[in-house]
Amino acid sequence: MNAVLEPRAAKPNESDAILNALPNPVLLVGPDGKIIDANMAAESFFEISTQLLQRQSLTELVPFGSPLLALIEQVRSGNSPVNEYKVDLGTPRIGADRQVDLHVAPLTERPGHIVVMLQERTIADKMDRQLTHRSAARSVIALAAMLAHEIKNPLSGIRGAAQLLEQQASSEDRMLTRLICDEADRIVTLVDRMEVFGDDRPVARGPVNIHSVLDHVKRLAQSGFARNIKFVEDYDPSLPPVLANQDQLIQVFLNLVKNAAEALVDLGSEAEIQLTTAFRPGVRLSVPGKKTRVSLPLEFCVKDNGPGVPEDLLPNLFDPFVTTKASGSGLGLALVAKIVGDHGGIIECESQPRKTTFRVLLPMYNTAKAYNQSTGEDEPASSPASQNAR
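Residues numbered from 1 in each chain as written. Predicted model: local features only at pLDDT ≥ 70, side-chain atom pairs only at ≥ 80, totals over all residues. Heavy atoms only, no water.

*Asks:* Quick question: what am I supposed to make of the overall build of the protein here?
*Replies:* When helices and strands are counted, the protein shows 9 helices and 16 strands. Burial statistics for the protein: of 390 residues in total, 43% are counted as buried. Taking all contacts inside the protein whose residues are at least 6 apart in sequence as the whole, residues at least 24 apart take part in 63%. (Helix = DSSP H or I, 4+ residues; strand = E, 2+ residues; numbered from the N terminus. Buried < 20%, exposed > 50% of the residue type's maximum accessible area, 1.4 Å probe, protein only. Contact = heavy atoms within 4.5 Å.)

Listed below in C-alpha cells is the structure:
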C-alpha cells in the first residue's frame, strides 16, 4: 500500500492505476491534516473531485468531532495501523447515514503522512446477511429431512387403511374415510413443500431475460391477487441476461410480489408496486462449490408503498417460520432466500412506512462462457449468449 500512495509525480501511471482500481475510498492525509491524494472511489464517496479534495483539510469533510480525526492522531503517535468499525461519517452533503469501517495506517516512507481507507458498512452488512440466510436455509433443510422421514411414511399407511375401509363402509362412513384421505393428502403436500429446502442438487442455470420473468410475474399477479394494484416499471433496457434458472426466478419474484400485494390490502386505489432493474457493479461473493469469486452486478427490486415491516422482524425476516401474517407459515421468504443463495446471490430488505424494498443481486450470464453444473467450473460456450434483455 505504501508504494501505491507515493506522490503522483513519481509514478503517475502506475500509482494512479492501482489506486483507482481499489473499490474502497482511499485518502492520503498530510501532517497538517490536508488531503494530498485520493482515488476515484473517494471522489465518489465524498461526491467531490480529487482536485477539490486537495484544497481541503479532513476536518472540512467529516463531521465535527469524528472518531476518524482521533484515529489519525493515534496512528501518528503510535506509528502503527488502527482499525475502527461502524463509524458514522455522514454529512448533509454526502448523506446523513454513511457508516464505514476505517483502516488507518502510517506511510513509513513519508513521516507524518497517513493512509485512510474506508469500507462502507452497506457492503459488509450484505455479506453478513447473506451468511445468515444460508445458515437459516441449512436449518430448514435438516427440519425438512426429519419431517419427510417421520411424517410421510405413517401417512401413507393411514391413507391406505382408509381406502380399505372405504370399500366396505356405508355412504355416511364413506364420507369420513374420504375426509381422512383428503387430509392425509393435504399434509403430504405440506411436507412436499418442506422437502424443497432439502433439495441440494445443482441448479440448472443459463441466460435468462429478467424482464420476461418480471412481465410474466406481473401478468400472473394482475390476473389474480393483485388485480386492483397499480404496477410501475423502471427497467434498464440494456441489461444483460442473468445467470439463473427461469422457473426458480419466477418463483422468487412471484413470492415477493404476492407479499407486497398482501401488505397493500388496506390502501385501496393508492396501492402501488414498483419493479426495477439496474446494473450495479462492485459486489463480489464466493459461490458454493466454486473457487472463484462471482460479481453480482444485476440488481432487481420489488418495492411497495405499504406500512412496512416491523423493525424487530427485519434482522430475521428470511428465517423460517418468521412472518407478519396471522395465517402465514413463514416459509415463503425462507424459500426465496434459499433459491437466491443457490444462485450465488444476495437478497435483502429495507423497510420504512410507505416504502419497503426487497433487493435481489445476481450474477450476469457470461457471453463467453457457459456454466457447467456437473463440475461447478466454467467452460467455453457452445452457442452464443442470448440477446440482451429487451
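*Asks:* Looking at this structure, how should I read the sheet that holds strand E2 (residues 35-38)?
*Replies:* For sheets, the rule is that strands pair by backbone hydrogen bonds, running either parallel or antiparallel. Spatial ordering of the open sheet is given by E2-E1-E5-E4-E3, a layout of 5 strands whose pairing is antiparallel. The strands lining the two open edges of the sheet, one partner per strand, are E2 and strand E3 (82-88). Neighbouring strand axes in the sheet, compared pairwise and without regard to direction, differ in orientation by 25° on average. Bridge count between strand E1 (residues 26-29) and E2: 3 bridges; the pairing is antiparallel. What sits directly across from leucine 28, in E2, is aspartate 37. Strand contacts of helix H4 (residues 67-78): E1, E3, strand E4 (99-106) and strand E5 (114-120), with the helix running at about 20° to E4, the strand carrying the most contacts. (Pairing = 2+ DSSP bridges. Axes fitted to C-alpha atoms, helices over the stretch in contact; angles between N-to-C directions.)

*Asks:* What exactly am I supposed to notice about the sheet that holds strand E13 (residues 346-352) here?
*Replies:* Overall, mixed pairing links the 5 strands, which are arranged E7-E9-E12-E14-E13 in an open sheet. Among the strands making up the open sheet, the edge pair consists of strand E7 (230-234) and E13. Neighbour-to-neighbour, the strand axes of this sheet turn through a mean angle of 15°, independent of strand direction. Pairing of E13 with strand E14 (residues 355-362) involves 7 bridges; the strand directions are antiparallel. Each bridged residue has a counterpart across the sheet, and for isoleucine 346 the counterpart in E14 is leucine 361. Here helix H8 (residues 246-263) sits on the sheet in contact with E7, strand E9 (272-279), strand E12 (298-304), E13 and E14, set at roughly 25° to E12. The strands touched by helix H9 (residues 332-342) within the sheet are E13 and E14, with E13 carrying the most contacts at an inclination of about 140°.

*Asks:* Could you clarify how one ought to interpret the pairing of E1 in this entry?
*Replies:* Looking down a regular strand, the side chains alternate between one sheet face and the other. Neither face of E1 is open: one carries Val26 and Leu28, the other Leu27 and Val29, and all of them are buried. Bridge count between E1 and E5: 4 bridges; the pairing is antiparallel. Along E5, the bridge assignment pairs valine 29 with isoleucine 114.

*Asks:* Would you mind showing me how to read H4 here?
*Replies:* The α-helix advances 3.6 residues per turn, and as a result positions three or four apart in sequence lie on the same side. Here H4 is 12 residues long and its end C-alpha atoms lie 16 Å apart, about the 16 Å a rise of 1.5 Å per residue gives. Within H4 the residues assigned to the buried category are Leu68, Leu71, Ile72 and Val75. With its buried residues spanning 100° around the axis, H4 presents them on a single face. The inward-facing, buried residues of H4 abut E1, E3, E4 and E5. (Expected span 1.5 Å × (residues − 1). Arc of directions from axis to C-beta.)

*Asks:* I keep staring at H9 and nothing clicks. Help me out?
*Replies:* In terms of burial, H9 is largely enclosed, as 10 of its 11 residues are buried. Where H9 is concerned, the buried positions are Gly332, Leu333, Ala334, Leu335, Val336, Ala337, Lys338, Ile339, Val340 and Gly341. Glycine 344 lies just past H9 and shows a positive phi near 75°.

*Asks:* Would you mind showing me how to read the nonpolar core here?
*Replies:* Nonpolar side chains in soluble globular proteins tend to be buried together. Counting residues in hydrophobic clusters, the biggest one holds 42 residues, and the most contacted among them are Ile210, Val242, Leu249, Phe253, Leu256 and Ile273. If you tally residues by element for this core, the top one is H8, at 8 residues. With residues near it in sequence (within four places) discarded, isoleucine 210 still touches Leu239, Val242, Leu249, Phe253, Thr277 and Phe300. (Core = buried A, V, L, I, M, F, W, Y, C linked by side-chain atoms within 4.5 Å.)

*Asks:* How should I be thinking about the side chain of histidine 343 in this particular structure?
*Replies:* Looking at the secondary structure, you find histidine 343 in the loop between H9 and E13. A relative accessible area of 1% places histidine 343 in the buried class. In contact with histidine 343, other than residues within four places in its own chain, are Val203, Arg205, Leu243, Ala244, Asn245, Gln248, Leu362 and Pro363.

*Asks:* Can you help me understand the packing of H8 against H9 in this one?
*Replies:* Describing two packed helices takes the angle between their axes plus the distance from one axis to the other. The N-to-C vectors of H8 and H9 enclose an angle of 145°; their axes lie 10 Å apart at closest approach. Where H8 crosses over H9, the two elements pack in a sense that is left-handed. Across the interface between the two elements, Gln248, Gln251, Val252, Asn255, Leu256 and Asn259 of H8 pack against Gly332, Leu333, Leu335, Val336, Ile339 and Val340 of H9. (Left-handed = near helix turned anticlockwise from the far one by under 90°.)

*Asks:* What exactly am I supposed to notice about the pattern of salt bridges here?
*Replies:* Pairing between side chains of opposite charge can happen when their charged atoms approach one another. In total, this model carries 12 salt bridges according to the counting rule given. In this structure, glutamate 73 engages arginine 76 in a salt bridge whose closest nitrogen and oxygen atoms are separated by 3.0 Å. One end of the pair, glutamate 73, and the other, arginine 76, are both in helix H4, 3 residues apart, so they sit about a helical turn from each other. Classification of glutamate 73 as partly exposed rests on a relative accessible area of 48%. Several salt bridges converge on common partners, so that one network encompasses Glu299, Glu348, Glu350 and Arg359. (Salt bridge = Lys/Arg side-chain N within 4 Å of Asp/Glu carboxyl O.)

*Asks:* Help me understand the side chain of threonine 356, please; the structure alone is not making it clear to me.
*Replies:* Along the chain, threonine 356 falls in strand E14. When near neighbours in sequence (up to four residues on either side) are disregarded, threonine 356 contacts Val302, Lys303, Asp304, Gly308, Val309, Cys349, Glu350 and Ser351.

*Asks:* Help me understand the confidence of the model for the protein in this model?
*Replies:* Close reading of the predicted structure is inappropriate where its pLDDT is low. Within the protein, residue pLDDT values average 76, and 71% of them lie at 70 or more. Mean pLDDT across the elements of the protein bottoms out in strand E16 (residues 377-380) (40) and peaks in E7 (95). For residues 1-11, every residue scores under 50 in pLDDT, and the model assigns this stretch 23 contacts once sequence neighbours within four places are set aside. Long-range and interchain partners of residues 370-390, a stretch whose pLDDT sits below 50, account for 47 contacts in this model, where long-range means more than four residues apart. (pLDDT = per-residue confidence, 0-100.)

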